[in-house]
Amino acid sequence: MKKNRFNSIPKSSLVLALSFITLLACSSDSVDDDVFEDIVSTDEEDDEEIATELHAAYSAFNTDAVTVYLDGSEVVIETTGLPNHETVYWGEGNSLYKEEPDVALTPSIMSSNNNATTIRVDATPNLTGSTVQTELGTIGIAVSGSSLFNDQEGGGALDQAAASLDWTGAHIGPGVYHYHLEPKAFTNDDDNLVGILLDGVFLYGRKCSATGDYPTDLDASGGHTSTTQYSDGEEEYHYHIINEVYSTTGSYLAFAGPFQGY
Ligand SMILES: [Zn+2]
Ligand SMILES: [Zn+2]
């Protein structure tokens, strides 16, 4: 996973480095001015990336499952992985069990009982870096508390596993309960928040709150820059579920990548 390497440098060590260079600069004419300026500008960039409060979008997450907190320049998202909506995968007898006779069942949520996940994301995505492909496994955490996966299933195309997807585009197999398609339990042809992805960028439904309609300026990842219902009037980069039916599923991929925020 590619990270902004400066995020891992404690701020105190940058201050120390600065003091040291300043000392050198005072005591010797041989210090290269360019080196000094480089370090100063790095420190300024680092200042901009230290968030002091959580993004308002985190208020939309299911608090029964999800705990979110800041740790320096990163946001930690811990989840039980258990969604706050109905699915056949809860298993018969559970209050959120939904009968879905057409779903080719994989194990139920409780029989796997292995849904807990923790991810750490940059509080401020690095949108100036290169793009990074998504990988198998959790690519983000949805507002329901469950994981988001990409368009692959065990290294193959998702089509082969599509029969096991429930009404909200999710299944288990193996490991955590996860969405591949538009999670209709909480976004269905609207602008609702879907979740947070590993690169620190939020994913929204097929429509954008800035216009109330399908965005027409999306990049290859489904991203663009505009206001959202959680951005307090500021424009910020975010993803949308791309409004193109995926294969024979009759639904829409949640997110195929690549990540733009690493
Ligand atoms: Zn899957
Ligand atoms: Zn948008």
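Residues numbered from 1 in each chain as written. Chains lettered and ligands numbered in written order. Predicted model: local features only at pLDDT ≥ 70, side-chain atom pairs only at ≥ 80, totals over all residues. Heavy atoms only, no water.

Things to note about the overall build of the chain
Then step 1. Along its length, the chain carries three helices and 13 strands.
Then step 2. The buried share of the chain, reckoned over its 262 residues, is 44%.
Then step 3. When the accessible surface of the chain is totalled, it reaches about 12800 Å², and 50% of it is carbon and sulfur. (Helix = DSSP H or I, 4+ residues; strand = E, 2+ residues; numbered from the N terminus. Buried < 20%, exposed > 50% of the residue type's maximum accessible area, 1.4 Å probe, protein only. Areas by Shrake-Rupley, 256 points an atom, 1.4 Å probe, with all protein chains shown as cover.)

Some points on the coordination of the zinc ion (ligand 2)
Six octahedral donors around a metal ideally subtend angles of 90 or 180 degrees, whereas four tetrahedral donors ideally subtend 109.5 degrees.
Then step 1. Surrounding the zinc ion (ligand 2) are the protein donor atoms Cys208 (SG), His224 (NE2), His238 (NE2) and His240 (NE2), which sit 2.0 to 2.2 Å from the metal.
Then step 2. With four donor atoms in place around the zinc ion (ligand 2) and angles of 99 to 125° between them, the coordination shape is tetrahedral.
Then step 3. Spacing between the donor residues of the zinc ion (ligand 2) along their common chain follows C-x15-H-x13-H-x1-H.
Then step 4. Among the residues examined, His240 registers a relative accessible area of 1% and is labelled buried. (Donors = N, O, S within 2.8 Å, 3.2 Å for Na, K, Ca; no water. Tetrahedral: all angles 85-135°; square planar, octahedral: opposite > 155°, others 65-115°.)

As for the nonpolar core
Then step 1. Tyr58, Phe61, Ile77, Leu148 and Phe259 are the most contacted members of the largest nonpolar core, which totals 43 residues.
Then step 2. Residues in contact with Phe259, not counting those within four places in the same chain, are Ser130, Thr131, Val132, Gln133, Thr134, Ile139, Leu197, Leu198, Asp199 and Tyr239.
Then step 3. By size, the runner-up hydrophobic cluster in this structure holds six residues, among which are Leu158, Ala161, Tyr246 and Leu253. (Core = buried A, V, L, I, M, F, W, Y, C linked by side-chain atoms within 4.5 Å. Contact = heavy atoms within 4.5 Å.)

Notes on the coordination of the zinc ion (ligand 1)
Then step 1. Around the zinc ion (ligand 1), the protein contributes the donor atoms Glu153 (OE), His171 (NE2), His178 (NE2) and His180 (NE2), at 2.0 to 2.1 Å from the metal centre.
Then step 2. Geometry at the zinc ion (ligand 1) is irregular, judged from its four donor atoms and the angles of 86 to 158° they form at the metal.
Then step 3. Summarised as a motif, the one-chain spacing of the donors to the zinc ion (ligand 1) is E-x17-H-x6-H-x1-H. For the pair His178 and His180, one class covers both residues: buried.

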